[in-house]
Amino acid sequence: MHDAPLIDGLYVHVPFCDGKCHYCAFYSVPYTRDQAAKWLSAIAKEGEQALEKFGPLPLTSIFMGGGTPTMLPSDQLEPLLALILKIKQPGCDELEWTSEANPGSLTSEKLSLMKGFGVNRISLGVQAMTDPVLCQLGRRHSLADIYTAVEAIHASGITNWGLDLIACVPGVSEEAWRTTLDAALQMNPKHISIYALTREEGTYLHQECERGTLALLDDESQLRMLDVAEETLGAAGFGRYEISNYTQPGLECRHNLSCWRGGNYLGLGCAAASRVGDQRWINRSDIHTYIGGDSPPERETLTPITDAVERLVFGMRMSEGIDLNAILNATGTAQTVQATIWKQGLERLEREHLVELFAGHWRLTTRGRALADYVAVELMP
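Starting from 1, residues in each chain are numbered consecutively following that chain's sequence as written. Per-residue local features of the predicted model are confined to residues with pLDDT of at least 70, and side-chain atom pairs are confined, for both listing and counting, to 80 or more; whole-chain, interface and lining totals are unaffected and use all residues. Hydrogens and waters are ignored; side-chain quantities use all the structure's heavy atoms.

A few words now on the packing of aromatic side chains. Centres within 6.5 Å are what make two rings of Phe, Tyr or Trp a pair, Trp counting through its six-membered ring; a difference in plane orientation under 30 degrees is then read as stacked, over 60 as edge-to-face, and the rest as tilted. By the definition in use, this model includes 4 aromatic pairs. A ring pair is formed by Phe16 and Trp39, whose centres lie 5.6 Å apart and whose planes are at 85 degrees; its orientation type is edge-to-face. Remark: Trp39 occurs in helix α1 (residues 33-54) and Phe16 occurs in strand β2 (residues 16-17); sequence separation between them is 23 residues. Residues Phe16 and Trp39 agree in their burial class; the two are buried. Through successive ring pairs, a cluster of aromatic residues spans Phe16, Tyr31 and Trp39. A ring is scored as having a charge over it whenever the NZ atom of a lysine or the CZ atom of an arginine sits within 6 Å of its centre and within 35 degrees of its normal. Positioned above the aromatic ring of Trp281 is the side chain of Arg299, whose terminal nitrogen or guanidinium carbon lies 5.1 Å from the ring centre. Above the ring of Phe358, the side-chain terminus of Arg363 is found at 4.0 Å from the ring centroid. By definition, any uninterrupted DSSP run of H or I lasting at least four residues is a helix, any uninterrupted run of E lasting at least two residues is a strand, and each is numbered from the N terminus. Each residue's exposure class comes from its accessible area (1.4 Å probe, protein chains only) as a fraction of the maximum for that residue type: buried when under 20%, exposed when over 50%, partly exposed otherwise.

Below is the structure:
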């Protein structure tokens, strides 16, 4: 029953939102009270099954995302928090419990409720710092909502919180982008994620680009905007620990680090992924089949090569880089032909000034971060 590899991470996918943003390709559905009640029953059943299989988990990280967990009203959020509390082992004193939240749905009442159950980190989906750009992105909150939510976070006593911003929005000048970054820093977050606006299949943004009514920034302009972010955040004491993520020292998102390093985690909810040892399964992205319980997850057994590839690719996105020998030994691929190919590939990328060997770790150079997707492709079999 409990002889599976150590599972120290839990991801809970809450699919509800207040409407699709123009750029969003993640699975989500509009919130309705009736559907949320049925979803809560389904995820409670999945949680009980996980307890029967694995027992209470010695968690070091919990991440509630989606969708938006704070779309749930307090009386529906509370049973979800209670379920999570039931799944983790008692104690877990060093646990980092994150909840994503959106301005407009985050309230003082919900913050107090979450803190009472153990949530100690908030990731706030700000995305922009002016009403026109928020509207352009299809966001449904206002700048005033952002400040109200941040005030509530500060008043709650939850000090470890971060925010997300979208860079490279067409029409936003470099000066306006700097103003956005400065405004975000004045709120005193501990963590900031910067994502370049991209066109994802099936989104409204993708349709606009296809119709020719919108053009995204060219590569050079995008890199300049991302450089501005690194310069501004670096000057404010934020370290870039992953291509899209900055933090004050010691406050890196624990859940993300574990996933990038190939850790074991359990996922609950429709569209949630799990990774335990060499097994991975992903719940289907359909709330109706999830609620009905008639849609088994998609499962796969990770081969040693696939496991190593993922650790290499995700690891290279982090500023710490990768210890190649440690990855090869952990995945049992040290004696394979592919191990030699990877070593030769990294040496070739080093000659191209895209990666460097520093203190036993291969990591991206400044130029390599700009071409991270190319580096990833080069490391794949």
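Back to the write-up after that little detour.
What follows deals with unusual backbone geometry. For the peptide bond that leads from Gly66 to Gly67, omega is 25 degrees, which places it in the cis range. One can find Gly67 in the loop between β4 (61-66) and α2 (74-87).

Only one face of strand β16 (residues 361-364) is covered, namely the face carrying Trp362 and Leu364; the face carrying His361 and Arg363 is uncovered. The pairing criterion for strands is at least two bridges between them, as found by DSSP. Here strand β15 (residues 355-358) runs beside β16; their pairing, made up of 4 bridges, is antiparallel. Bridged to Glu356 within β16 is Arg363. Hairpin connection of β15 to β16: 2 residues between the antiparallel strands, including Ala359 at a positive phi of 50 degrees.

So, on to the pattern of salt bridges. A pairing counts as a salt bridge when a side-chain nitrogen of Lys or Arg comes within 4 Å of a carboxyl oxygen of Asp or Glu. According to the stated counting rule, one finds 19 salt bridges in the structure shown. Note that Glu174 and Arg224 form a salt bridge whose closest N and O atoms lie 3.3 Å from each other. Taken together, the residues span a long stretch of sequence, with Glu174 in helix α6 (residues 174-186) and Arg224 in helix α8 (residues 219-235) at a distance of 50 residues. Overall, the relative accessible area of 30% leaves Glu174 in the partly exposed class. For Arg280, the salt bridge identified is with Glu300, shortest N-O distance 3.0 Å. One end of the pair, Arg280, is in strand β13 (residues 279-282); the other, Glu300, is in strand β14 (residues 298-301), and 20 residues separate them in sequence. Overall, Arg280 belongs to the buried group, its relative accessible area being 14%.

If you trace the backbone, Leu349 turns up in helix α13 (residues 337-351). Here, residues are in contact when the closest pair of their heavy atoms is within 4.5 Å. When sequence neighbours within four positions are dropped, the list of residues in contact with Leu349 reads Leu354, Val355, Tyr374, Val375, Glu378 and Leu379.

A separate point is helix α3 (residues 108-117). Those residues of α3 not exposed but buried are Lys110, Leu111, Leu113, Met114 and Phe117. Down the axis of α3, the smallest arc covering the buried residues is 165 degrees, so these residues share one side. Exposed side chains of α3 directed beyond 90 degrees from the buried face belong to Ser108, Glu109, Ser112 and Gly116. Lining the buried residues of α3 we find β4, α2, β5 (96-101), β6 (121-127) and α5 (143-156). Positioned one or two residues after α3, Gly118 has a phi angle of 120 degrees, which is positive. What the arc covers is the set of directions going from the helix axis to the C-beta atoms.

Take the buried residues of types Ala, Val, Leu, Ile, Met, Phe, Trp, Tyr and Cys, join any two whose side-chain atoms come within 4.5 Å, and each joined set is a nonpolar core. Grouped together as the largest cluster of nonpolar side chains are 88 residues, with contacts concentrated most on Trp39, Leu80, Leu165, Trp177 and Ile194. At 8 residues, α1 tops the list of elements feeding residues into this core. When residues no more than four places from it in sequence are discounted, the contact partners of Leu165 are Val126, Gln127, Ala128, Met129, Trp177, Thr180, Leu181, Ala184, Ile192, Ser193, Ile194 and Tyr195. Formed by 22 residues, the second largest nonpolar core is a distinct cluster that contains Leu346, Val355, Trp362 and Ala372.

So, about the packing of α2 against α3. Fitting a line to C-alpha atoms yields each axis, with helices limited to the stretch in contact; the angle taken between N-to-C directions then spans 0 to 180 degrees. Orientation of α2 relative to α3, taken along the N-to-C sense of each, is 15 degrees, at an axis distance of 10 Å. By the angle between their axes, α2 is roughly parallel relative to α3. Crossing of α2 over α3 shows right-handed handedness. Contacts from Ser74, Leu77, Glu78, Leu81, Ala82 and Leu85 of α2 reach α3 at Glu109, Lys110, Leu113, Met114 and Phe117. Taken together, the residues of the contact of α2 with α3 break down into 7 nonpolar, 1 polar and 3 charged. Here the word oblique covers every angle except those under 35 degrees (roughly parallel), over 145 (roughly antiparallel) and from 65 to 115 (roughly perpendicular). Crossing handedness is defined as follows: a turn of the near helix away from the far one that is anticlockwise and smaller than a right angle gives a left-handed crossing, while the clockwise case is right-handed. Under the grouping applied here, Gly and all other residues not named as nonpolar or charged are polar, the nonpolar ones being Ala, Val, Leu, Ile, Met, Phe, Trp, Tyr, Cys and Pro and the charged ones Asp, Glu, Lys and Arg.

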